[in-house]
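Each chain, written out:
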Amino acid sequence: MSIQMLELPTPHIIPDPLHPAPSSVPAPASPPEDRSLPLVIDNGSTTLRAGFAGQADPLLACRNEGARYRDRKYNRNIVLYGEAVEADATSRAQARSPFEAGVVTFWDTMENGLDWTFLRLGLDSTPPILLSEAPCNPAYSRSLMSELLFEGYSTPAVSYGVDSLFSLYNAGHDDGLVISSGTSSTHVIPVLNGRGIFSAAKRLPWGGQQAADLMLKLVQLKYPGFPTKVTPAQATFLQQNHTTFSEDYQSDIRALSAPKEMIRLDEVIQFPFVPPVSDEKSAEELERIAEKKRESARRLQEQAAKQRLEKLVQKEQELNWLMQVKEFKAKEKKADYIKRLEAEGFESEKDFEDMITRTERSVQRARNKELGVDENEGKQEPPSFPLVDIPDHQLNEEDLKEKRKQRLLKAGYDARNRAKAEKERERLRQEAAAQKDLQERLSNPQAWLDKQRADYAALLVKLKEKERRRAQLSDRKSAAAQARMKNIADLAAEGRPGERSGKRKRKGDDDDGFGANDDDWAVYREIQGGADSDEEEDDEAALTNLEARLLEHDPTFTTSDTRDARMRQQHQLVTTFLQGATPIGEDGTLTMEQSYQLHLNVERIRVPEVMFQPSIAGLDNAGLAELVGHVLKNFNASERNCLTGNVFLTGGHTLTHNLSKRLHSSLLPLTPIGSPLVIRQAADPKMDAWRGMSKWASESRGQGEGWVTKAMYDEEGAERLEKRGAWRGRFGGW
């Protein structure tokens, strides 16, 4: 696995420098009348390249896009072309290519591009022009281009040619099967004796732009919460630099079901991010902060101790006052004593005695806390409830209230005792079961293991059934969900489950008998959305216990056989698909650096595979290998051998890694045994087309087959020239 920082090339805003036309050139063997060099323009969908015939490389190579808008600040029209469209947000929004599906349709943008080219080359007059075009370019589009060049720029001669044929010409081949894949489409063109057979050519509407769009969609679908926006330019970068053709796509996809294979294919693209600024403190500052916290804690403890002491003193004073009031009981009559208590705010003598008891307990607890004495030391005596067994007619009103209170306390006390006894019985039962289990294991180990395995398998089936039912209930169209809704509807209509509640109840007939039978209460278990939580927890605990036993006593049962291990293995593939082999924290969160990473694994082979299986991207077209097979059917055996003996790859999209090997493995079953199958790639798939145009233009010097002069255009017109095939030279598109 490799981690790579994503670095996109910065567009050049400053226009390229001027390149004046050469003043003199070497005289050819038979010099033509017009000694000016033809201008060679490779008018590609992505890049426009321009230079003069005979040169090794073009003088200009720019982005074939233009922008035209009105600037509101300066109130003037702005026209930009090439890399200058990246000047600001407005120009980027207005940027537009002159092409649509490989055909020039936006002629204002095309004219701006030609103006920009002529200005940058410093041309005073327009020389003959050799212009590239798409295979089978529509006649109407060619006539409009001719009109623009002859009438708009007064060029003396024009010739058109297919860029892929010029690339083959530059490589020095006359025969071959040209496969050209560019920005918007892929073409298969057979070439015999130096001429393209366009009647047998095939076109696949898939190129670099569509592949980049698919890459962008796959990345957005894979990482919907990616913290930064993945732009189309970045998607193009990923498609061009991180994809590869698979020699056997189906077997490779099946192999990716193993996380190790996916990790092997995984490439990590690190997007730029700004790490948070952490305010790190020195050891002295940390110690000073800790000392402040300790000092604050000491002050709080001292303050709390002072408050407890003040509260203890207050409670002792209150207790002394209560005891002084109680002394009047022996000195006064009972009626006077009751009046005194009422005057002090007590409702009765019982209320006064309770107040004394509570105060004494509070004072005792406070003293014990100050002295550090545990209140629970010693055996607590069981509570007594003396009034519970006394008949009510022997008690006064106050005693009756106390009796009801003691009855409630006694009920709670008895319930706690019963719970303790039940726990003790459960403990004894578990000890007996454990002892019995131990005896069975020691007496017959194999039978004991078989029983444990059967219990473990049955418990797994039970848990899976609960999960399946929970999933069914989540789908309102399932049979389980429909039955649940029917039960709810029956309950809502106050009818019994399974009975129709269409009859209206008679007046006064409020009791429908529901609940008389114990089976009626099962309906509440049926309408629950999932399994009971307590029962599910018990099952999970039993499963864990069984797994622990099997791990201890069954040598064939390992940690990889446990339920958690199997679930982790199922989720590992999804985790690897999203995060590769990136270690994740214990809490399941990613670091900021990891959250800005894209993991490309399946996408690396899926995006290029569309060229051979267009159905992956939803295209109703034949794949590249099938198109080649259809093309070869139009020729005899000797011609097919000439074509398959030189399968020539050109165009920027053919630079995708491993295309030659994949094409060879796909075409090999289509060729007869003994037939040659040689696949070659252009030395420079992007530049060889222009170099072939420059080579042919320097040889033809703007004259001969394929060239149309302005005099011919003025005399016959574009339509007549098209009808008689004046443009159809050696490299003509149709």
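Residues numbered from 1 in each chain as written. Predicted model: local features only at pLDDT ≥ 70, side-chain atom pairs only at ≥ 80, totals over all residues. Heavy atoms only, no water.

Asker: Break down the overall build of the protein for me, with residues and values.
Answerer: Check the secondary structure of the protein and you find 25 helices and 19 strands. Once local pairs closer than 6 in sequence are excluded, the contacts in the protein between residues at least 24 apart make up 68%. Working note: accessible area of the protein is about 44,300 Å², and carbon and sulfur atoms make up 51% of it. (Helix = DSSP H or I, 4+ residues; strand = E, 2+ residues; numbered from the N terminus. Contact = heavy atoms within 4.5 Å. Areas by Shrake-Rupley, 256 points an atom, 1.4 Å probe, with all protein chains shown as cover.)

Asker: Give a description of the layout of surface pockets that names residues and reports values.
Answerer: If you add up the space inside the second largest pocket, you get close to 510 Å³. Where the lining of the second largest pocket is concerned, the elements lending two or more residues are α12 (349–371) and α13 (397–443). A per-element tally of the lining of the second largest pocket places α13 first, with six residues. (1 Å grid on protein atoms, 1.4 Å probe; cavity = no way out; pocket = protein on both sides within 12 Å on 5 of 7 lines; lining within 4 Å. Points joined across faces, edges and corners; volume = space filled by probe spheres on them.)

Asker: Explain empty space enclosed by the protein residue by residue, including any values.
Answerer: Throughout the structure, instances matching the rule amount to four cavities of 30 Å³ or more. Here the largest cavity defines a volume of roughly 120 Å³. If you trace the largest cavity, you find 14 residues lining it, with V104, S132, E133, N137 and M145 closest to the centre. When contributions to the lining of the largest cavity are tallied by element, the ones reaching two or more residues are β9 (129–133) and α3 (139–152). Counted by class, the lining of the largest cavity contains seven nonpolar, five polar and two charged residues. (Nonpolar A, V, L, I, M, F, W, Y, C, P; charged D, E, K, R; others polar.)

Asker: Lay out helix α5 (residues 208–222) in plain terms, naming residues and giving numbers.
Answerer: Helix length check: α5, at 15 residues, gives a terminal C-alpha distance of 21 Å against a target of 21 Å (1.5 Å per residue), a fit within 8%. For α5, the set of buried residues is G208, A211, A212, L214, M215, L216, L218, V219 and K222. Where α5 is buried, its residues meet α6 (232–241), α18 (563–579), β16 (597–600) and α20 (602–609). (Expected span 1.5 Å × (residues − 1). Buried < 20%, exposed > 50% of the residue type's maximum accessible area, 1.4 Å probe, protein only.)

Asker: Quick rundown of the nonpolar core? Include the residues and the values.
Answerer: The biggest cluster of nonpolar side chains holds 44 residues, and the ones touching the most others in it are L177, I179, V188, L598, M611, F612 and L663. Of all elements in the fold, only β11 (176–181), β12 (186–192), α5, α6, β16, α21 (624–632), β17 (647–650) and α23 (659–667) reach the threshold of two or more residues within this core. Once residues lying within four places of it in the same chain are set aside, the contact partners of M611 are S181, T186, L204, W206, F245, G623, L624, H653 and L659. Counting residues in hydrophobic clusters, the runner-up holds 30 residues, among them L39, L48, L123 and L149. (Core = buried A, V, L, I, M, F, W, Y, C linked by side-chain atoms within 4.5 Å.)

Asker: Can you explain the environment of P272? Please cite residues and give values.
Answerer: Its place among the elements puts P272 in the loop between β15 (267–270) and α9 (283–326). Separated by 321 residues in the primary sequence, P272 and E593 have C-alpha atoms spaced 8.7 Å apart.

Asker: Give a description of unusual backbone geometry that names residues and reports values.
Answerer: Notably, N75 is not glycine yet its phi reads approximately 55 degrees, a positive angle. Checked against the element boundaries, N75 lands in the loop between β5 (66–71) and β6 (76–81). Phi is positive for A101, which is not a glycine, with a value near 60 degrees. Within the fold, A101 resides in the loop between β7 (99–100) and β8 (103–104). On the basis of relative accessibility, which here comes to 55%, the residue A101 falls in the exposed class.

Asker: Can you tell me about the pattern of salt bridges, naming the residues and giving the values?
Answerer: Enumeration according to the criterion identifies 36 salt bridges in this entry. For R691, the salt bridge goes to D57, with nearest N and O atoms at 2.7 Å. One end of the pair, R691, is in helix α24 (residues 688–700); the other, D57, is in the loop between β3 (47–52) and β4 (60–63), with 634 residues separating them in the sequence. A salt bridge links K466 to D539, with the nearest nitrogen and oxygen atoms 2.5 Å apart. Separated by 73 residues along the polypeptide, K466 in helix α14 (residues 445–474) and D539 in helix α17 (residues 533–553) bring together distant segments of the chain. (Salt bridge = Lys/Arg side-chain N within 4 Å of Asp/Glu carboxyl O.)

Asker: Break down the side chain of T671 for me, citing the residues and quoting the values.
Answerer: You can see T671 is positioned in the loop between α23 and β18 (679–681). Engagement of the side chain of T671 in a polar contact is seen with the backbone oxygen of L668, the distance being 3.0 Å. With residues up to four places along the chain from it excluded, the contact list for T671 reads T644 and L677. (Polar contact = N/O pair within 3.5 Å; in protein donor to acceptor, adjacent residues only side chain to side chain.)

Asker: Before we move on, can you summarise the sheet that holds β9 with the specific residues and values?
Answerer: If you trace the six strands from one edge of the open sheet to the other, you get β4-β3-β2-β9-β10-β19, paired in mixed fashion. The strands lining the two open edges of the sheet, one partner per strand, are β4 and β19 (708–709). Strand direction decides the pairing type here: β9 and strand β10 (residues 157–162), joined by five bridges, are parallel. Within the sheet, the bridge partner assigned to S132 lies in β10 and is G161. Each of β2 (39–43), β9, β10 and β19 is contacted by α3, which is oriented at about 145 degrees to β10, the strand it contacts most. Of the strands in this sheet, β2, β3, β9 and β10 touch α24, which is tilted by about 155 degrees from β2. (Pairing = 2+ DSSP bridges. Axes fitted to C-alpha atoms, helices over the stretch in contact; angles between N-to-C directions.)

Asker: Explain the pairing of β10 residue by residue, including any values.
Answerer: Within β10, six of the six residues are buried, which leaves the element mostly enclosed by the surrounding structure. Side chains A157, S159 and G161 of β10 all project onto a buried face; the interleaved residues V158, Y160 and V162 project onto the opposite face, where all are buried too. Between the parallel pair β9 and β10, the chain is carried across by α3, and the sense of this crossover is right-handed. With two bridges joining them, β10 and β19 adopt antiparallel strand pairing. Its bridge partner being in β19, V158 is matched across the sheet by V708. (Right-handed = clockwise from strand over helix to strand, strands pointing away.)

Asker: Go over the packing of α3 against helix α25 (residues 710–723), please, and point to the residues and values.
Answerer: Between α3 and α25, the least distance of the axes is 10 Å, while the angle of their chain directions is 165 degrees. By the criterion of interaxial angle, the relationship of α3 to α25 is roughly antiparallel. For α3 against α25, the interelement crossing comes out left-handed. Contacts between α3 and α25 involve A139, R142, S143, S146, E147, F150 and E151 from the former and K710, Y713, A718 and E722 from the latter. Residues of the contact of α3 with α25, tallied by class, amount to four nonpolar, two polar and five charged. (Parallel < 35°, antiparallel > 145°, perpendicular 65-115°, else oblique. Left-handed = near helix turned anticlockwise from the far one by under 90°.)

Asker: I'd like a rundown of the side chain of S141, residues and numbers included.
Answerer: Residue placement: S141 occurs in helix α3. We classify S141 as buried; its relative accessible area is 8%. Those residues in contact with S141 that sit more than four places away from it in its chain are V103, V104 and W107.

Asker: Let's hear about the packing of aromatic side chains: which residues, and what values?
Answerer: The tally for this structure, following the rule as stated, stands at 13 aromatic pairs. Aromatic pair F226 and Y596: ring centres 6.5 Å apart, planes at 65 degrees, arrangement edge-to-face. Residue F226 is found in the loop between α5 and α6, and its partner Y596 is found in the loop between α19 (592–595) and β16; the two are separated by 370 residues along the sequence. Exposure remark for Y596: the relative accessible area of 19% places this residue in the buried category. Between Y456 and F557, the aromatic rings sit 5.5 Å apart at their centres with planes inclined by 85 degrees, giving edge-to-face as the arrangement. Here Y456 is found in helix α14, whereas its partner F557 is found in the loop between α17 and α18, with 101 residues between them in sequence. As far as burial versus exposure is concerned, Y456 and F557 are alike and both buried. Taken together, Y223, F226, F271, F273 and Y596 form an aromatic cluster joined through their ring pairs. Taking NZ or CZ as reference, K331 lies 5.8 Å from the ring centre of F328, over its face. (Phe/Tyr/Trp six-rings, centres within 6.5 Å; stacked < 30°, edge-to-face > 60°. Lys NZ or Arg CZ within 6 Å of the ring centre and 35° of its normal.)

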